[in-house]
Amino acid sequence: MPAAPPAWPNSSGTGLARQAAPAGACDAHMHIHDRRFATFGSPDAFVGQATVADYRQLQRRIGTQRTVVVQPRVHGTDNSVTLDAIQALGPEHTRGIAVVRPEVTDDELARLHAGGIRGIRFTLYTHTHAATDFSMVEPLAQRVHALGWHVQLHWTADQVVQHAALLARLPGTVVIDHMARLPQPEPLAHPAAAIVRGLLDQGRTWIKLSGAYLNSTHGVDGGYADSDALARHWVQQAPERLVWGSDWPHSTEATDKPDDAELFDLLARWVPDEATRHRVLVDNPAQLYQFPGTAAPQP
């Protein structure tokens, strides 16, 4: 009797990624959900375990070696879960993005830096269980800029438009999640597209090629084909300031998890040039997240 296909935690499908990951490839956007650590908001917000042991299986499936652990909203501003994951996955090839509020002390920021944190995130695309708000973005950005950290934003396209002046004032490096969440069917027609292009032109904004399913109307059955034009647009605009992320464990997709092997293979479609793909997977994240032996991005 043939062996049963593997069951990958928090992922559908059974196969491995078709494209081989280059040495040093980085998954620059994933989360750990672990009930050993404090949770934030309603207990219902915890949609299921996604542990370091589970994530190691994803690494074996897609072939990445470096990781950026992004503090999930389910754990609020208690960054213990992210610091623990950095240590467990190996601090020499793991970095983290924290969530903090204005009352965070300088000593705590120093502790986070020593633990591998290199940025702070503002997840404001919905107010549900949000640990921060827009009034906190600028003052916190000023504080972490002194540490050489960046500010990471998960906002809607409409929020980018509403807060364009704030974005223009932010110091240092800004990282925009999930291809800027521009809505289908004409993402590049949204006014936020021009704002993000302007930020890219200034040379200190980065974009994550991640979350293809978040604004896709084609969905898994259509291979997320409506994400292609947007991803390729960002590749054309700033190949030197793009990173790729799995967005595992896909907490927005509680009942219908995407196939992580297929998500990784989208890169071959979005970035057909092998040298550029190496840049997105290896060179760019090494610089942005200050992995050993690389210089930090210039402000």
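Residue positions within a chain follow its written sequence, with the count starting from 1. Residue-level local features of this predicted model are given only where pLDDT is at least 70; pairs of side-chain atoms are given and counted only at 80 or more, and the full residue set underlies all totals for whole chains, interfaces and linings. Think of the side-chain values as coming from all heavy atoms in the structure, minus any hydrogens and water.

Colleague: What is the right way to look at the packing of aromatic side chains in this model?
Modeller: Each aromatic ring pair is characterised by the separation of its centres together with the angle its planes make. Between rings of Phe, Tyr and Trp, where Trp is taken as its six-membered ring, a pair exists when centres lie within 6.5 Å; planes separated by under 30 degrees are stacked, by over 60 edge-to-face, and by other angles tilted. Scanning all chains against the criterion turns up four aromatic pairs. When the ring of Trp-244 is compared with that of Phe-264, the centres are 5.1 Å apart and the planes differ by 80°; the resulting orientation is edge-to-face. Taken as a pair, Trp-244 in strand β8 (residues 242-244) and Phe-264 in helix α9 (residues 260-270) lie far apart in primary sequence, 20 residues in all. For the pair shown, Trp-244 and Phe-264 are each scored as buried. Only Lys NZ and Arg CZ are tested; either one counts as a charge over a ring when it is within 6 Å of the ring centre and within 35 degrees of the ring normal. If you follow Arg-181 out to its NZ or CZ, it ends over the ring of Tyr-125, 5.6 Å from the centre. Strands here are runs of E lasting at least two residues and helices are runs of H or I lasting at least four, both read from the DSSP assignment and numbered beginning at the N terminus. Buried means the residue's accessible area, taken with a 1.4 Å probe over protein chains only, is under 20% of the maximum for its type, while exposed means over 50%, and partly exposed covers the values in between.

Colleague: Even after reading the chapter, I still don't get the sheet that holds strand β4 (residues 117-123), so can you show me in this structure?
Modeller: Pairing between sheet strands relies on hydrogen bonds along the backbone, with the strands arranged either parallel or antiparallel. With parallel pairing, eight strands are arranged side by side in an open sheet as β1-β2-β3-β4-β5-β6-β7-β8. Edge strands, defined here as strands with exactly one partner in the open sheet, are β1 (26-30) and β8. Taking each pair of neighbouring strands and ignoring which way they run, the sheet shows an average axis angle of 25°. Pairing between strands is defined by DSSP: at least two bridges between the two strands are required. In the sheet, β4 pairs with strand β5 (residues 150-154) via five bridges, with the strands oriented parallel. Of the residues in β5, the one forming a bridge with Ile-120 is Val-151. Axis definition: a line fitted to C-alpha atoms, over the contacting stretch in the case of helices. Angles run 0 to 180 degrees between N-to-C directions.

Colleague: Teacher, can you tell me more about the layout of surface pockets here?
Modeller: In this approach, a probe sized like a water molecule rolls over the atoms, and the result shows the empty space that is left. A pocket, in this scheme, is an open set of points on a 1 Å grid over the protein atoms alone with protein on both sides within 12 Å along at least 5 of 7 lines, while a cavity is a set where a 1.4 Å probe fits but cannot get out; residues line either one if an atom lies within 4 Å of a point. Grid points are joined across faces, edges and corners, and a volume is the space filled by probe spheres set on the points. Considered as a void within the structure, the largest pocket measures approximately 340 Å³ in volume. Lining the largest pocket are 20 residues; nearest its centre among them are Arg-73, Val-74, Tyr-125, Ser-251 and Thr-252. Broken down by class, the residue content of the lining of the largest pocket amounts to six nonpolar, eleven polar and three charged. Classes in brief: Ala, Val, Leu, Ile, Met, Phe, Trp, Tyr, Cys and Pro nonpolar; Asp, Glu, Lys and Arg charged; the others, Gly included, polar.

Colleague: Is there a simple way to explain helix α7 (residues 191-201) in this structure?
Modeller: One turn of an α-helix holds 3.6 residues; hence residues three or four places apart share an orientation. Listing the buried residues of α7 in full gives Ala-192, Ala-193, Val-196, Leu-199 and Leu-200. The buried residues of α7 all sit within an arc of 125° when viewed along its axis, so they share a single face. In α7, the exposed residues that point more than 90 degrees away from the buried face are Pro-191 and Asp-201. Each element contacted by the buried residues of α7 is listed here: α5 (157-162), α6 (164-169), β6 (174-176), β7 (205-209) and α8 (228-237). Following α7 by one or two positions, Gly-203 has its phi on the positive side, about 90°. The arc refers to the directions leading from the helix axis to the C-beta atoms. Residues count as neighbours in contact if any of their non-hydrogen atoms are within 4.5 Å of one another.

Colleague: Mind showing me how you'd approach the pairing of β1 here?
Modeller: Moving residue by residue along a regular strand, the side chains alternate between the two faces of the sheet. Within β1, five of the five residues are buried, which leaves it mostly tucked inside the rest of the structure. Pairing between β1 and strand β2 (residues 66-70): three bridges, direction parallel. Bridged to Met-30 within β2 is Val-69.

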